[in-house]
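# Remarks on the overall topology
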Amino acid sequence: MHIFQRTIPRILAVLFGIVTLVLLGIASAESGQLTGWASFLAAVALILGIINLFSVHLRRGFRGNFYSLVLVIALAATLVLGFTGLYGGKDTVFTYVQAPLEAALGALLAFFLFFAALRLLHRKHNRWTVLFVATVILILLGITPMPAFLSEIFASVNYFISLVFVSAGMRGILIGVALGTITVTLRLLLGSEQPYNK
Amino acid sequence: MNLVALLIAVVVGGALFLLTRRIQAGQEVGLRPLRGIQALTSQVGRAVESGRRVHFSMGRAALNSSIAPTSLAALAALDHLAQDGCASDVPPVVTVGEGTLLPAAQDQLRGAYTQAGRAGDFSNTMVEFVASDTSPMSYAAGVSYTVQHSNAGSNLLMGHFGPEIGIILEAAGRQDMEQIVGSDDPVALAVGAAMSDELLIGEELFAAGAYMKGSPSQIASLQVQDLLRLIVVAAILVFAVINLL
């Protein structure tokens, strides 16, 4: 049993990983074939996700949760519209329901962030908090309409902060992420990282 | 160019393999303390001791995408949390924002239940798929609902997130939850800096598994990362000097 549950998945994962990597180096078209199979599996996983969403909320709905019932009904209605094409099909749902709701949440996010910055001053009293809030204010002033002479000053400060501090910080984070990505991938290829083998 | 990348992969892979063998042979390796990881372990400990569950959201990086390692790092952290939680009868509440993460997270939780000797208690609905990766705001709204109704004591967001993370952090903040954000995305980290208690910045997220579980290959990968970082820093300095001349 151990051989089917642990050894064979490990051999397959390492084999396909190495073959894909080598093909990427010498024949990228064939490598694309293998990643195409992975995309197909990802599509199957999405169907599993929808079944999971449906079963979790159906159970909650039976327990009397109103929002879960709304979700189950909306999911079923969208599926019906998608398959039948009635009333413009699924595009109607995306245009008149999902897009406005997502836009509304996106707009709320700006207020959440503004109040979070204010709360941060109450929550954490240290120089980093002051620096964070001061930088936010400077950046906001840099993009706010003002008299010309003030606008030029704040715009140049904004440009300097973005070019030097923000770029340096982001590059530092991204280099760290890239190094982490390399080592995680190599551990998978060596078979020492086995997230598929619990 | 692809052949150069292949050559680099072989060299770095060889270094990782050798360092792993040295640690397996008994070489001691000291890990420098990371504030984010210390906060993570103590926060989870406090939640478990008080009998409250931990909410763990894995973001929305697909396992077949170029940012999959971020999700794999989150899975490594979930592995540890799930083992601790299942052993104490307070399993984590797990939410995912991408289809491929669902079976992976279910597998981690199932493994933790099996290790705790309670395989029969596991159900696939213990991990919740919230929305696909193309709808970040729907994902944030769904996770916020779960956070508010799960009676969790701690909120851990580890994986790939965007600015929508602010909505989840706001919802958890209203429940007075302790929060930690670990992400590869600078925007999510900036939002997390304002709204969460502690951050795992970039590579710290990838180091979480090594600090929490400490398998030889994970610790060896930290050594390789340090080595690569020195090479990158040296290369940046050399090219900066050349450009100045």
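## A word on the overall build of chain A
Check the secondary structure of chain A and you find six helices and zero strands. Its helices and strands taken in sequence order, chain A reads α-α-α-α-α-α from the N to the C terminus. Residues classed as buried in chain A amount to 12% of the 198 residues present. Long-range pairs, those at least 24 residues apart, make up 24% of the contacts in chain A between residues at least 6 apart in sequence.

## With respect to the overall build of chain B
The secondary structure content of chain B amounts to nine helices and six strands. The C-alpha radius of gyration of chain B comes to 19 Å, within 12% of the 18 Å expected for a compact globule of 245 residues. Referenced to the eigenvectors of the C-alpha coordinate spread, the extents of chain B come out at roughly 60 × 45 × 30 Å. Per-residue burial for chain B yields a buried fraction of 54% across its 245 residues. Pairs at least 24 apart in sequence give 70% of the contacts found in chain B among residues at least 6 apart.

## Examining the interface of chain A and chain B
Across the boundary between the two partners, chain A contributes 47 residues, which contact 58 residues of chain B. Among the elements of the structure, α1 (2-26), α2 (28-62), α4 (90-123) and α6 (148-190) of chain A are those that each provide at least two residues to the side of chain A that touches chain B. A total of 16 residues in the side of chain A that touches chain B trace back to one element, the largest contributor, which is α6 of chain A. A class-by-class count of the residues in the side of chain A that touches chain B yields 30 nonpolar, twelve polar and five charged.

## A few points about the packing of helix α3 (residues 68-87) of chain B against helix α8 (residues 203-212) of chain B
Residues and elements named next belong to chain B. Where α3 meets α8, the axes come as close as 8 Å, and the angle between the chain directions of the two elements is 25°. With respect to each other, α3 and α8 are oriented roughly parallel. Along this stretch, α3 crosses α8, giving a crossing that reads as left-handed. Residues Thr-70, Ala-73, Ala-76, Ala-77 and His-80 of α3 touch α8, and the partners they reach there are Leu-205, Phe-206, Ala-208, Gly-209 and Met-212.

## Some details on the packing of α4 of chain A against helix α5 (residues 127-142) of chain A
Helix-helix packing is characterised by the crossing angle of the two axes and by the distance between the axes. Residues and elements named next belong to chain A. Two elements in contact, α4 and α5, have axes separated by 10 Å at closest approach and are oriented at 155°. Here α4 lies roughly antiparallel to α5, going by the angle between them. Considering only the axes of α4 and α5, their crossing is left-handed. Listed contacts from α5 to Ala-117, Leu-120 and Leu-121 of α4 are Thr-129, Phe-132, Val-133 and Val-136. When the residues that make up the contact of α4 with α5 are grouped by side-chain class, the tally is six nonpolar, one polar and no charged.

## Structural notes on the pairing of strand β4 (residues 152-160) of chain B
All names here are of chain B. The buried count for β4 comes to nine of nine residues, which makes it a mostly enclosed element. Bridge count for strand β1 (residues 53-59) against β4 is six bridges, and the pairing is parallel. Bridge assignment links Ser-57 to a residue of β4, and that residue is Leu-157. When β4 meets strand β5 (residues 178-183), the two strands line up parallel, connected through six bridges. Of the residues in β5, the one forming a bridge with Met-158 is Gly-182. Between the parallel elements β4 and β5, the chain passes through helix α6 (residues 165-174) in a crossover that is right-handed.

## Some remarks on the sheet that holds β4 of chain B
Residue and element names in this part refer to chain B. One open sheet holds the six strands; their spatial order is β3-β2-β1-β4-β5-β6, and the pairing between them is parallel. Edge strands, defined here as strands with exactly one partner in the open sheet, are β3 (127-129) and β6 (198-201). On average, each strand axis in the sheet is tilted by 15° relative to the strand beside it, whichever way the strands run.

## Overview of the nonpolar core
Residues and elements named next belong to chain B. In this structure, Ala-73, Leu-78, Val-96, Ala-105, Ile-168 and Ala-208 are the most contacted members of the largest nonpolar core, which totals 86 residues. The leading source of residues in this core is α3, at eleven residues. When sequence neighbours within four positions are dropped, the list of residues in contact with Ala-105 reads Met-58, Leu-78, Val-94, Val-96 and Val-127.

## Regarding α6 of chain B
The element α6 of chain B is extensively covered by neighbouring structure, given that nine of its ten residues are classed as buried. Among the residues of α6 of chain B, those classed as buried are Ile-165, Gly-166, Ile-167, Ile-168, Leu-169, Glu-170, Ala-171, Ala-172 and Gly-173 of chain B. On its buried side, α6 of chain B packs onto α4 of chain A together with β1, α5 (136-149), β4, β5 and α7 (186-195) of chain B. Looking one or two residues beyond α6 of chain B, the residue adopting positive phi is Asp-176 of chain B, at roughly 55°.

## Notes on helix α4 (residues 101-115) of chain B
Residue and element names in this part refer to chain B. Look at α4: 21 Å from first C-alpha to last across 15 residues, which is about the 21 Å you get at 1.5 Å a residue. All of the buried residues in α4 are Leu-101, Leu-102, Pro-103, Ala-104, Ala-105, Gln-106, Gln-108, Leu-109, Arg-110, Ala-112 and Tyr-113. Looking one or two residues beyond α4, the residue adopting positive phi is Gly-117, at roughly 75°.

## Quick notes on the confidence of the model for chain B
Across chain B, pLDDT averages 90, with 100% of residues at or above 70. By mean pLDDT, the top-scoring element of chain B is strand β2 (residues 93-96) of chain B (95), and the lowest-scoring one is helix α2 (residues 35-49) of chain B (87).

Cut-offs used in this document
- Throughout, residues of each chain are indexed from 1 in the direction in which the sequence is written.
- Labels follow written order: the first chain is A, the first ligand is 1, and so on.
- Only residues with pLDDT of at least 70 get local features here, since the model is predicted, and only at 80 or more are side-chain atom pairs given and counted; chain-wide, interface and lining totals rely on the full set of residues.
- For helices the rule is a DSSP run of H or I covering at least 4 residues; for strands it is a run of E covering at least 2, with both sets numbered from the N terminus onward.
- Any residue whose C-beta has 12 or fewer other C-beta atoms within 10 Å is treated as exposed, any with 20 or more as buried, and any in between as partly exposed, C-beta atoms being built from the backbone.
- Whether two residues are in contact is decided by their C-beta atoms, placed from the backbone, lying within 7 Å.
- As a reference, a globule follows 2.2 Å times the number of residues to the power 0.38, and the radius of gyration itself is taken over C-alpha atoms.
- Residues are grouped as follows: Ala, Val, Leu, Ile, Met, Phe, Trp, Tyr, Cys and Pro are nonpolar; Asp, Glu, Lys and Arg are charged; every other residue, Gly included, is polar.
- Axes, fitted as lines to C-alpha atoms, cover a helix only where it is in contact. Angles between the N-to-C directions of the axes lie from 0 to 180 degrees.
- By definition in this entry, angles of less than 35 degrees are roughly parallel, angles greater than 145 are roughly antiparallel, angles of 65 to 115 are roughly perpendicular, and the rest are oblique.
- Less than a right angle of anticlockwise turn of the near helix away from the far helix marks a crossing as left-handed, whereas a clockwise turn marks it as right-handed.
- Think of it this way: DSSP has to see at least two bridges between two strands before they count as a pair.
- Crossovers are marked right-handed if the path from the first strand over the helix to the second runs clockwise, as seen with the strands pointing away from the viewer.
- Among buried residues, those of type Ala, Val, Leu, Ile, Met, Phe, Trp, Tyr and Cys that are joined through C-beta atoms within 7 Å form a set called a nonpolar core.
- A helix is expected to span 1.5 Å for every residue after the first.
- pLDDT: the predictor's confidence for each residue, scored from 0 to 100.

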